[in-house]
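Now for the letters of each chain:
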Amino acid sequence: MSVSTFHTPAPRSTMLVRRRIATYFTGGATQVPALISALSQQGRPVHELSVDIREGVRESSMVCAVLLPGEEIDQLLARLRELPAVVSAELA
């Protein structure tokens, strides 16, 4: 009688990648908390945050870095684009 041994691969840890994201939005400073909330969902910290809001300009911009698994970037950008105030969200 032979005994088979099954080897299961060790779980791969998901490598986190630093991504810079540029978001263009309307509504000024009141929209920033919702944007940061969408970026930091699932405990992902937001780094190097820069917001540019100018008087008389329709769109404002926000650029930041987020540390997340590479396969999650498309989901994050889609989540940002679903916010009513967001005009555009892309990798910077």
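These figures come from a predicted structure and were not determined experimentally.

Student: When you look at empty space enclosed by the protein in this model, what are you seeing that I'm missing?
Tutor: Unoccupied space between atoms shows up once a probe the size of one water molecule is rolled over them. In the structure shown here, the tally under the stated rule is one cavity of 30 Å³ or more. Here the largest cavity is characterised by a volume of approximately 50 Å³. Lining the largest cavity are Leu-39, Gln-41, Gln-42, Arg-44, Leu-68, Glu-72, Gln-75, Leu-76 and Arg-79. Top element by residues in the lining of the largest cavity is helix α2 (residues 73-81). It accounts for three residues.

Student: Hey, could you run me through the packing of helix α1 (residues 32-39) against α2 in this one?
Tutor: Relative placement of two packed helices is described by the angle separating their axes and the distance separating the axes. Interaxial distance between α1 and α2 falls to 9 Å at its minimum, and their mutual angle equals 155 degrees. Considering the angle they form, α1 stands roughly antiparallel to α2. For the crossing formed where α1 meets α2, the hand is right-handed. Only Leu-76, Arg-79 and Leu-80 of α2 make contact with α1, whose side of the interface consists of Leu-35, Ala-38 and Leu-39. Across the contact of α1 with α2, the residue classes break down as five nonpolar, no polar and one charged.

Student: Would you take a moment to explain unusual backbone geometry for this structure?
Tutor: A negative phi angle characterises most non-glycine residues, just as the trans form characterises most peptide bonds. Positive phi is not limited to glycine here, since Glu-48 has a value of about 50 degrees. Summarising the element assignment, Glu-48 is placed in strand β2 (residues 46-52).

Student: Can you help me understand α1 in this one?
Tutor: Because an α-helix packs 3.6 residues into every turn, residues spaced three or four apart end up facing the same way. Of the positions making up α1, those classed as buried are Val-32, Leu-35, Ala-38 and Leu-39. Viewed end-on, α1 has its buried residues packed into an arc of 130 degrees, placing them on one side of the element. Lining the buried residues of α1 we find β1 (16-25), β2, β3 (60-69), α2 and β4 (86-91).

Student: How should I be thinking about the nonpolar core in this particular structure?
Tutor: The nonpolar side chains of a soluble globular protein tend to be buried with one another. Core analysis: the largest hydrophobic core is formed by 16 residues, its most contacted members being Ile-21, Leu-35, Leu-39, Val-66, Leu-76 and Leu-80. Elements with a contribution of two residues or more to this core: β1, α1, β3, α2 and β4.

Student: Please clarify how the side chain of Glu-72 should be interpreted in this entry.
Tutor: Looking at where Glu-72 falls in the secondary structure, it is placed in the loop between β3 and α2. Residue class for Glu-72 comes out buried when judged on its relative accessible area of 18%. Within the structure, the side chain of Glu-72 is placed 3.3 Å from the side chain of Arg-44, a separation counted as a polar contact. Sequence-distant contacts of Glu-72, that is, excluding residues within four places in its chain, are made with Gln-42 and Arg-44.

Reading guide: rules and limits
Residues numbered from 1 in each chain as written. Predicted model: local features only at pLDDT ≥ 70, side-chain atom pairs only at ≥ 80, totals over all residues. Heavy atoms only, no water. 1 Å grid on protein atoms, 1.4 Å probe; cavity = no way out; pocket = protein on both sides within 12 Å on 5 of 7 lines; lining within 4 Å. Points joined across faces, edges and corners; volume = space filled by probe spheres on them. Helix = DSSP H or I, 4+ residues; strand = E, 2+ residues; numbered from the N terminus. Axes fitted to C-alpha atoms, helices over the stretch in contact; angles between N-to-C directions. Parallel < 35°, antiparallel > 145°, perpendicular 65-115°, else oblique. Left-handed = near helix turned anticlockwise from the far one by under 90°. Contact = heavy atoms within 4.5 Å. Nonpolar A, V, L, I, M, F, W, Y, C, P; charged D, E, K, R; others polar. Buried < 20%, exposed > 50% of the residue type's maximum accessible area, 1.4 Å probe, protein only. Arc of directions from axis to C-beta. Core = buried A, V, L, I, M, F, W, Y, C linked by side-chain atoms within 4.5 Å. Polar contact = N/O pair within 3.5 Å; in protein donor to acceptor, adjacent residues only side chain to side chain.

Everything listed here is a matter of coordinates, which is why it stays silent on function.
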